[in-house]
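# Coordinates in review
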Amino acid sequence: MKKPVISLQMYSVRDVFMKDAEKAIKEVAKLGYEGIEFFHYGEIPAAQDLKKWLDEAGVTCVAHNVNWPDILPENIDKTLEFCKTLGTNRVIIGSAPPQDLDKRSKVPGFIDIMHKAYEKAKAEGFEIGYHTHYTDFAVVDGVNFWDRVLSNTPEDFQMVLDTGNCEAGGGNSVHYLKKYPGRSMIVHLKPYHVKTAAATMMGEDSYDWNELVKLSVETGKADTLTVEYSYDNGKPSLENVKQCFDFIKAIVDKLF
């Protein structure tokens, strides 16, 4: 089986990225990451500039994470054009409005918006999926929002599982990888300790990483594993994501 690409969600190093995006991209490439995911957090540089820096660093944009307004019908064309310029055909939807995920009247409308975005994206050759946040485990009529999305979207609408967010919301990453096989083009690997209910560093969490990585690739069919760390331990973010990369690479090399 082909080894998955190990990429970094740049939100993990946003302290560097938001000050100097070019430097952040090139530093991340030096750490060994093959791919990068961008995010819409405030104002990020123009897509053509990001693509230039990616090419110079020798890394690819494996996906672009967008905010909820970016997939609305009036904005989706601009979003897809941004992604085309980045050189990626993968769009990851951030959380639907979290304050409304437990409201019965809102849920059908949110899923309808995702359907429309999916249809538009697929028609233009894109893959699209929804990224886990802890708020997605809000329950309406006995079913949480995460399950409701995945059970009411096509099989090729992707489950972009964020392990830390899933556990923080009361879910279980292993359970969801098994429940929705073949729907995980990308899995976000975020360390989290269930007993302390807090983010931490890889190797200091409560996961069986060998099982999680194996399931992500073999059952979820992920070709990309994205590190997304969110733990503030007082060390530089680039140092922490290097530790995460080395940890995951050792597991990937052993398993595949």
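Nothing here was measured: the structure is a model prediction, and the numbers come from that model.

Conventions used here
- Residues numbered from 1 in each chain as written.
- Predicted model: local features only at pLDDT ≥ 70, side-chain atom pairs only at ≥ 80, totals over all residues.
- Heavy atoms only, no water.
- Salt bridge = Lys/Arg side-chain N within 4 Å of Asp/Glu carboxyl O.
- Helix = DSSP H or I, 4+ residues; strand = E, 2+ residues; numbered from the N terminus.
- Buried < 20%, exposed > 50% of the residue type's maximum accessible area, 1.4 Å probe, protein only.
- Contact = heavy atoms within 4.5 Å.

## Brief notes about the pattern of salt bridges
The final tally for this structure, using the stated rule, is 22 salt bridges. The salt bridge involving E127 is made with R90; its shortest N-O contact spans 2.8 Å. Taken together, the residues span a long stretch of sequence, with E127 in strand β5 (residues 127-131) and R90 in strand β4 (residues 90-93) at a distance of 37 residues. With relative accessibility at 27%, the residue E127 sits in the partly exposed group.

## So, the environment of L212
Along the chain, the position of L212 falls in helix α9 (residues 209-218). Classification of L212 by relative accessible area gives buried; the value is 2%. Spatially, the C-alpha atoms of L212 and V187 are 9.8 Å apart, while their sequence positions differ by 25 residues. Beyond its immediate sequence surroundings of up to four residues, L212 is in contact with T163, S173, V174, L177 and Y207.

## Considering unusual backbone geometry
The residue D141 is not glycine, and still its phi comes out positive at about 55°. Tracing the backbone through its elements, the reader meets D141 in the loop between β6 (139-140) and β7 (143-144). Even without glycine at this site, A197 takes up a positive phi of about 50°. Mapped onto the elements of the fold, A197 is located in the loop between β10 (192-193) and β11 (198-199).

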